[in-house]
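The primary structure of each chain is shown beneath.
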Amino acid sequence: MINQHSTLEGTAYYTSHSLVFLAPESYIPINELTMYFFTQSKELSRMSNGSLIYSDRPSMMSQKMYLDDKVDFIFSAVPDNSILFIDGPIIAGDVYTHMISRFPEFHERNIIPCFFVKNSESNMVVDNIEGVHGKFNSDLHWSYNVLKNGQRSCFFKYVDRKNDRNTKIFCYIKAFGVSPLRVEFYTASFEKYEKYIKNILDLAYYLLLVQGNPKNPQVRPIAIAETYARETLKLVN
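Presented here is a report on the structure given in the accompanying data block. (Residues numbered from 1 in each chain as written. Predicted model: local features only at pLDDT ≥ 70, side-chain atom pairs only at ≥ 80, totals over all residues. Heavy atoms only, no water.)

Brief notes about the environment of Ser82
- If you trace the backbone, Ser82 turns up in the loop between α2 (58-77) and β5 (83-87).
- It is 31 Å that separates the C-alpha atoms of Ser82 and Tyr36, two residues lying 46 residues apart in sequence. (Helix = DSSP H or I, 4+ residues; strand = E, 2+ residues; numbered from the N terminus.)

Examining the packing of helix α7 (residues 194-211) against helix α8 (residues 220-232)
- The contact between α7 and α8 brings their axes to 8 Å, and the two run at 50°. For the element pair α7 / α8, the angle class is oblique. On α8, the residues that touch Leu207, Val210 and Gln211 of α7 are Arg220, Pro221 and Ala223.
- Here the residues of the contact of α7 with α8 sort into four nonpolar, one polar and one charged. (Axes fitted to C-alpha atoms, helices over the stretch in contact; angles between N-to-C directions. Parallel < 35°, antiparallel > 145°, perpendicular 65-115°, else oblique. Contact = heavy atoms within 4.5 Å. Nonpolar A, V, L, I, M, F, W, Y, C, P; charged D, E, K, R; others polar.)

Here we look at the pairing of strand β8 (residues 167-173)
- Extensive coverage of β8 is indicated by the burial of seven of its seven residues.
- On β8, burial covers both faces: Thr167, Ile169, Cys171 and Ile173 on one face and Lys168, Phe170 and Tyr172 on the other are all buried.
- Two strands pair when backbone bridges link them, and β8 and strand β9 (residues 181-186) are joined in this way by six bridges, in the antiparallel orientation. Opposite Ile173, over in β9, you have Leu181 as the bridge partner. (Buried < 20%, exposed > 50% of the residue type's maximum accessible area, 1.4 Å probe, protein only. Pairing = 2+ DSSP bridges.)

A closer look at the sheet that holds strand β1 (residues 2-6)
- Here four strands make up an open sheet; going across it, the order is β1-β2-β3-β4 and the pairing mixed. Edge positions in the open sheet fall to β1 and β4 (52-54), since each of these has one partner strand only. Neighbour-to-neighbour, the strand axes of this sheet turn through a mean angle of 30°, independent of strand direction.
- Direction of pairing for strand β3 (residues 27-39) relative to β4: parallel, over a ladder of three bridges. The partner of Thr39 across the bridge, within β4, is Tyr54.
- Packed on one face of the sheet, α2 meets β1, β2 (11-22), β3 and β4 and runs near 155° to β3.
- Where α8 meets the sheet, it contacts β2 and β3, and its direction lies at approximately 140° from that of β2.

The structure is reproduced here in structure tokens:
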């Protein structure tokens, strides 16, 4: 969760990273708050001894530092032998490579990362599958129309033609008669833990039903983490 504050001198980003453990009788949250101020003024940055971060591309720099903090936070807090539900896509923007570079460490610790995408304009399916090309506005539009409640699509594999390290396997899950969720696995994760994938998707659907909110179709641990993120942002003025 990010609060952005724009000023004449630059832009501040106040962020709460939230992680929730599912204990037998409760949710156990861990949150990390960060605050960065970016400016395109070298003079201000020099006068602040670096407390104000100089960047000629502050939006890009903020994204990179956000992702660096997010990945480091995950690795410091998630125990070994875990299923990890992450809000957002594997590959997005220009700074996603830091996440991809860490997947071998996930696997060494026997952590299975699963990514959930709620809103997306992706058209990888409708642009490349014969029979649906030109019929739908987006992949979400396609999956909403072809899936019944409680169904998921088949798996699709994406590989970047220029860099085969940028790859993922994904499917869509529909619940409540609303826009489906896209569930993504890094290809190496999917291949390593393939025998568990079906059970993980069954669990994800169960947690969608447990959350029970058609206005916010999200797996419950992520929805709970979002709530803690919003509330902890209020701790500091």
